[in-house]
Structure formats: C-alpha cells, structure tokens
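# Residue-level structural notes
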Amino acid sequence: PISSATVNLSGGAVDETFFTGRGFVKQTDWSGGAGQATTTDFTRYWSSDGNIDISSPSGDVKLRNTLGEYVGAGEFISSAFDTGSISNYHELTWLPGSQPVETGFSPVRMQFATNDDGGVWNFVGPDGTSATYYEPGTSTISAVHNDDRFARYKVFFQTASTSFTPTVSDVSFTFTSACVPPGQVTFEGLSNGTYDISVSKAGYTPFVGSTTISQNWQALEIVLTP
C-alpha cells in the first residue's frame, strides 16, 4: 500500500481531495446543540459562550442576532474527537474561505487542542502557543499535538459591523495513526452516479479514470506504476 498519495474525486457538486493513509474528521452541522463531551453525534459540540447561533440556517454557525443586530464576538468549542490511537496531525481547514468584508480583519480564527487521555485541553495556534490562531484556508497543524489521541478545535468569531456576521459551515482536520490503513482513503455521503478520479504521487505514473457509485458501500483498487 502507498501512503501519502493524492486522491481526487469529482462529479456534480463533489470535488474532494484526500491523502492515502490519513484519517479525516469533518463536521458540517452543529444544530444538535451543546453538551457532548466526546463525539458520537456529529451534529453536536461541547460548549459556547452564548453568543453563537447554530440554527439560522441549520448547518451553519454564526454570531447571535438580537433585535436585528449581531453581537460583536463569540466562540464555541467542539466535542472531543477520538482518533483511536496516538496520532500525528496534519491539516486544519474550514469553509467558507472568505467572509463579508464588512466583518473586518480576521473575523474567523481557530485554535486546536489535543491530549492523550481526554483530560486537560490547552488550545494553541500554529506556533504551538495560545498567542496565535489558525487563519482561513488550509493550515498546517502544529507538531506539538503529535502523539496525542484526542483532539478538539475552538472557533473565534468577531465582526466590525453589527449588521454582518461571519459564518462557518464546514470544519475538518486530517491525521495519521495506527488505526488508519496505509494506502486507503474514504469518501462519504456520495450520491449514486459516475465520478472522475485521479491518483498521484511523486515517483509514480498518475492515474486518471472514473468510477460509478451504485451501492451503499463500494471499494475500488487502483495500482500506481513506478
């Protein structure tokens, strides 16, 4: 099995890229509410400061609106994600990648926290300290989190105008661990149909082809030639 190969699947509204041998955690809905310590329901989270809205519309997180105006700032913390064993962490990503210009500079920022027992959570940014934050786009997770099993993210919202709010609709991170099979990726939530697929890694001839999804669970084996 070949680890760290790039796999892209596209078709219709789907255009996703994963790396073989890496686990992938993705959350796109928080409308189930707060109070979940460890993730079993991917529509819930751990806590907030009371200044976020999780249901307007369902699937998005934004600042709370009161009497037609948004509060100036808010934050929430995800439930803990159990990667199954000690892990190395790679990338933190969220959508949308841009916010209304009226919300000002850095309206959405994040920090990441890990531990090996689900106990103390120290949220830090890309330099491994609490003084920095991950910014929009795909960010490399600090190496201080490596060799920990449990992970959480914390989202910070702020706006320069009470008429506008930043929004988060999707948060994901990648990791490697003993529980992630080398040479594999998993795409979830696909509709039946035909998708383009490409696989590449330095030192191998790239693969370009297609696959048709027609069942609830399917596997496709692709061989790369050196």
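All figures in this text were calculated on a predicted structure; none of them were measured in a lab.

Take the overall build of the protein chain next. Check the secondary structure of the protein chain and you find 0 helices and 17 strands. In terms of overall size, the protein chain behaves like a compact globule, its C-alpha atoms giving a radius of gyration of 19 Å where 226 residues would be expected to give roughly 17 Å. Its C-alpha atoms put the protein chain at 60 × 40 × 30 Å along the principal axes. Residue burial in the protein chain is summarised as follows: out of 226 residues, 40% are buried. Here the contacts in the protein chain between residues at least 6 apart in sequence split such that 65% fall between residues at least 24 apart. A total accessible area of about 11,400 Å² is found for the protein chain, and carbon and sulfur atoms account for 50% of it. Of note, the protein chain has its 10 positive side-chain charges centred 3 Å away from the centre of its 22 negative side-chain charges.

This paragraph deals with unusual backbone geometry. Cis rather than trans, the peptide bond between Ser 56 and Pro 57 has omega equal to 5 degrees. The omega torsion across Leu 95 and Pro 96 is -5 degrees, close enough to zero to call that bond cis. With respect to the helices and strands, the residue Pro 96 is situated in the loop between β10 (81-95) and β11 (108-115). In the Ramachandran plot, Ser 4 falls in the positive-phi region, its phi being about 65 degrees despite a non-glycine side chain. Residue position: Ser 4 is located in the segment before β1 (6-11).

Strands sit in the order β5-β6-β14 across an open sheet of 3 strands; the sheet is antiparallel. Strands with a single pairing partner mark the edges of an open sheet, and in this sheet they are β5 (52-55) and β14 (167-168). The pairing of β5 with strand β6 (residues 58-63) spans 3 bridges and is classified as antiparallel. What sits directly across from Asp 53, in β6, is Lys 62.

Here we take up the sheet that holds strand β17 (residues 207-213). Ordered by their spatial adjacency, 4 strands build an open sheet running β2-β1-β16-β17, and the pairing between neighbours is antiparallel. Both edges of this open sheet fall to β2 (14-19) and β17, since each of them pairs with a single strand only. For this sheet, the mean angle separating the axes of adjacent strands, direction not counted, is 20 degrees. As defined by bridge partners, strand β16 (residues 193-200) adjoins β17 across 7 bridges and the pair is classed as antiparallel. If you follow Asp 196 over to β17, its bridge partner there is Ser 210.

So, on to the packing of aromatic side chains. All told, the structure shown has 15 aromatic pairs when counted by the stated rule. When the centroid spacing of 6.4 Å and the interplanar angle of 20 degrees are considered together, the rings of Phe 76 and Phe 157 count as stacked. With a gap of 81 residues between them, Phe 76 in strand β9 (residues 73-77) and Phe 157 in strand β13 (residues 148-158) connect regions that are remote in the sequence. Given a relative accessible area of 2%, Phe 157 falls into the buried group. Measuring from ring centre to ring centre gives 5.7 Å for Tyr 89 and Phe 112, while their planes differ by 65 degrees; the resulting arrangement is edge-to-face. In this pair, Tyr 89 is assigned in strand β10 and Phe 112 in strand β11, connecting sequence segments 23 residues apart. Phe 112 shares its class with Tyr 89; the two are buried. Through a chain of ring-to-ring contacts, three or more aromatic side chains come together here, namely Trp 30, Phe 42, Tyr 45, Phe 76, Phe 81, Tyr 89, Phe 112, Tyr 153, Phe 157, Phe 173 and Phe 175. A cation sits over an aromatic face here: Arg 22 above Phe 19, 4.6 Å from the ring centre.

It is worth spelling out the nonpolar core at this point. One recurring pattern in soluble globular proteins is that nonpolar side chains are buried together. If you look at the biggest cluster of nonpolar residues, it comprises 28 residues, and the most contacted ones within it are Trp 30, Phe 76, Phe 112, Phe 157 and Phe 173. Where this core is concerned, the elements lending two or more residues are β5, β6, β10, β11, β13 and β15 (170-177). Beyond its immediate chain neighbours, meaning those up to four positions away, Phe 76 contacts Trp 30, Tyr 45, Ser 47, Ser 48, Ile 52, Val 61, Tyr 153, Lys 154, Val 155 and Phe 157. Counting 10 residues, the second largest nonpolar core, distinct from the first, contains Ala 5, Phe 187, Ile 197 and Leu 224.

Basis of the calculations
Residues numbered from 1 in each chain as written. Predicted model: local features only at pLDDT ≥ 70, side-chain atom pairs only at ≥ 80, totals over all residues. Heavy atoms only, no water. Helix = DSSP H or I, 4+ residues; strand = E, 2+ residues; numbered from the N terminus. Rg over C-alpha atoms; globule rule 2.2 N^0.38 Å. Buried < 20%, exposed > 50% of the residue type's maximum accessible area, 1.4 Å probe, protein only. Contact = heavy atoms within 4.5 Å. Areas by Shrake-Rupley, 256 points an atom, 1.4 Å probe, with all protein chains shown as cover. Lys, Arg positive; Asp, Glu negative; His and termini not counted. Charge placed at Lys NZ, Arg CZ, Asp CG, Glu CD. Pairing = 2+ DSSP bridges. Axes fitted to C-alpha atoms, helices over the stretch in contact; angles between N-to-C directions. Phe/Tyr/Trp six-rings, centres within 6.5 Å; stacked < 30°, edge-to-face > 60°. Lys NZ or Arg CZ within 6 Å of the ring centre and 35° of its normal. Core = buried A, V, L, I, M, F, W, Y, C linked by side-chain atoms within 4.5 Å.

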